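# Results of the structural survey
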Amino acid sequence: MSPAGRRTRLALAGAVVLALAPKAPAADRTVLAIGAHAGDAEITTGAILARHKRLGDRVVLLHLTLGEGGNPRLSPAVYGEQKKREALAAAQALGAEALFGPWRDGELRDTEEAARFVADVIRQVKPTHVVTHWRASLHPDHEAAYRIVNSAVLLASLEGFVSAHPRHRGLRGVYYADNWEDAEGFAPYLYVDVSEDLAAWKAAVSCYEFIRGGISTFPYLEYYEALARVRGALAGKRFAVALEVDPFAKKRVLDALP
Ligand SMILES: [Zn+2]
């Protein structure tokens with residue numbers, strides 16, 4: 001099939017391949033990636049974050065919990081300290097800022113307090129783009145993160161919500177990460193070309209012991225590298241990372257057919 005034919009087929013399938021315009025002014029975007037556990041955001045969308053950093057944008061990570069409960073050989077307190085060091089090292093490798101929520105692994109709940117906390121982070125960081133967990137997940141913390149973030153996005157924009165910072169209305173979109181634990185109903189929608197950013201992604205996520213291997217039996221690095229190749233193949237790129245959006249965000253209004 002010709003490249004034009006392939007584009008048509010992809011468009012018909014509802015997929016959008018984003019060639020992130022390098023001509024967009026530097027620092028035009030601030031990407032805030034919010035994960036339930038330290039490591040979630042970097043392993044799924046770290047390559048996109050690395051790409052945006054390379055384009056001159058600001059990148060911020062918010063880890064709602066450290067994900068400190070997952071090590072069978074270490075207490076949560078000891079592993080939590082390790083996860084925090086690893087999260088800071090991964091952020092530094094990505095050129096990102098790292099923020100941390102106050103919650104414990106496994107105890108993240110969709111509460112007003114959590115939504116207020118995240119809303120104030122959004123007001124402080126002023127993101128143009130938020131990336132977080134898809135709505136359905138094997139992990140209750142991930143589902144809670146989805147709901148907290150969506151409540152927070154609304155709160156952050158409301159004049160009537162009083163917090164330490166003024167309201168933020170510059171958010172252009174909320175995007176959902178392609179996470180093996182959050183697969184139910186997830187359909188890749190946006191494909192971001194990360195062909196030149198995979199090495200930076202791998203270096204950053206390798207700051208985490210659980211991603212290097214030895215703690216979990218899940219082959220994180222192999223899975224997400226292979227997934228980026230699969231998404232890339234479907235997008236006509238070497239490597240790509242896919243994102244989902246809410247159904248209402250798929251509505252396009254045009255003057256004529258594209
Ligand atoms: Zn997680």
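Refer to the structure printed above.
Quick summary incoming for the structure in this document. (Residues numbered from 1 in each chain as written. Predicted model: local features only at pLDDT ≥ 70, side-chain atom pairs only at ≥ 80, totals over all residues. Heavy atoms only, no water.)

## Things to note about the overall build of the protein
Tallying secondary structure elements over the protein gives 8 helices and 8 strands in all. Put simply, the protein has 258 residues, and 49% of those count as buried. Taking contacts inside the protein between residues at least 6 apart in sequence as the whole, the part at least 24 apart equals 80%. When the accessible surface of the protein is summed, it comes to about 12,500 Å², and 56% of that surface belongs to carbon and sulfur atoms. (Helix = DSSP H or I, 4+ residues; strand = E, 2+ residues; numbered from the N terminus. Buried < 20%, exposed > 50% of the residue type's maximum accessible area, 1.4 Å probe, protein only. Contact = heavy atoms within 4.5 Å. Areas by Shrake-Rupley, 256 points an atom, 1.4 Å probe, with all protein chains shown as cover.)

## Looking at helix α4 (residues 112-125)
Taking 1.5 Å per residue as the helical rise, α4 with its 14 residues ought to reach 20 Å, and the 20 Å between its terminal C-alpha atoms agrees with that figure. All buried positions along α4 are accounted for by A114, A115, V118, A119, D120, V121, I122, R123 and V125. Those residues of α4 that are buried lie in contact with β2 (30-37), β3 (58-65), β4 (97-103) and α5 (140-157). With its phi angle positive at about 55 degrees, K126 sits one or two positions after the end of α4. (Expected span 1.5 Å × (residues − 1).)

## Remarks on the packing of α4 against α5
Where α4 meets α5, the closest approach of the two axes is 8 Å, and the angle between their N-to-C directions is 55 degrees. By the angle between their directions, the pair α4 and α5 is classed as oblique. As α4 packs across α5, the resulting crossing turns out to be right-handed. For the pair α4 and α5, the contacting residues are A114, A115, R116, V118, A119, I122 and R123 in the first and I148, S151, A152, V153, L155 and A156 in the second. Its residues assigned to classes, the contact of α4 with α5 shows 10 nonpolar, 1 polar and 2 charged. (Axes fitted to C-alpha atoms, helices over the stretch in contact; angles between N-to-C directions. Parallel < 35°, antiparallel > 145°, perpendicular 65-115°, else oblique. Left-handed = near helix turned anticlockwise from the far one by under 90°. Nonpolar A, V, L, I, M, F, W, Y, C, P; charged D, E, K, R; others polar.)

## Regarding the coordination of the zinc ion
Only H37 (ND1), D40 (OD), D40 (OD) and H142 (NE2) from the protein coordinate the zinc ion, and they sit 2.0 to 2.5 Å from it. Coordination geometry of the zinc ion: the 4 donor atoms subtend angles of 56 to 135 degrees at the metal centre, consistent with an arrangement described as irregular. Along the chain, the residues that donate to the zinc ion are spaced as H-x2-D-x101-H. (Donors = N, O, S within 2.8 Å, 3.2 Å for Na, K, Ca; no water. Tetrahedral: all angles 85-135°; square planar, octahedral: opposite > 155°, others 65-115°.)

## Some points on the nonpolar core
One broad trend across soluble globular proteins is that nonpolar side chains are buried collectively. Core analysis: the biggest nonpolar cluster contains 41 residues, and L61 and V194 have the highest contact counts within it. In terms of residues, this core owes the most to one element, helix α2 (residues 40-54), which gives 6 residues. If we skip the residues at most four places from it in the chain, L61 touches A33, A41, E42, L49, A91, L94, A96, E97, A98 and L99. If you look at the next biggest cluster of nonpolar residues, it comprises 28 residues, including A114, W134, A144 and Y176. (Core = buried A, V, L, I, M, F, W, Y, C linked by side-chain atoms within 4.5 Å.)

## Topic: the packing of aromatic side chains
Tallied over the full model, the rule gives 10 aromatic pairs. Between W134 and F186 the ring centres are 6.1 Å apart and the planes differ by 90 degrees, which places this aromatic pair in the edge-to-face class. Here the residue W134 occupies a position in the loop between β5 (129-132) and α5, and F186 occupies one in the loop between β6 (173-177) and β7 (190-193), the gap between them amounting to 52 residues. Residue W134 is classed as buried on the basis of its relative accessible area, which comes to 1%. Measuring from centroid to centroid gives 5.5 Å for Y208 and F210, while their planes differ by 65 degrees, and the two rings are edge-to-face. In this pair, the class of Y208 matches that of F210, namely buried. Among the aromatic side chains, those forming a connected cluster through ring pairs are W180, Y208, F210, F218, Y220, Y223 and Y224. (Phe/Tyr/Trp six-rings, centres within 6.5 Å; stacked < 30°, edge-to-face > 60°.)

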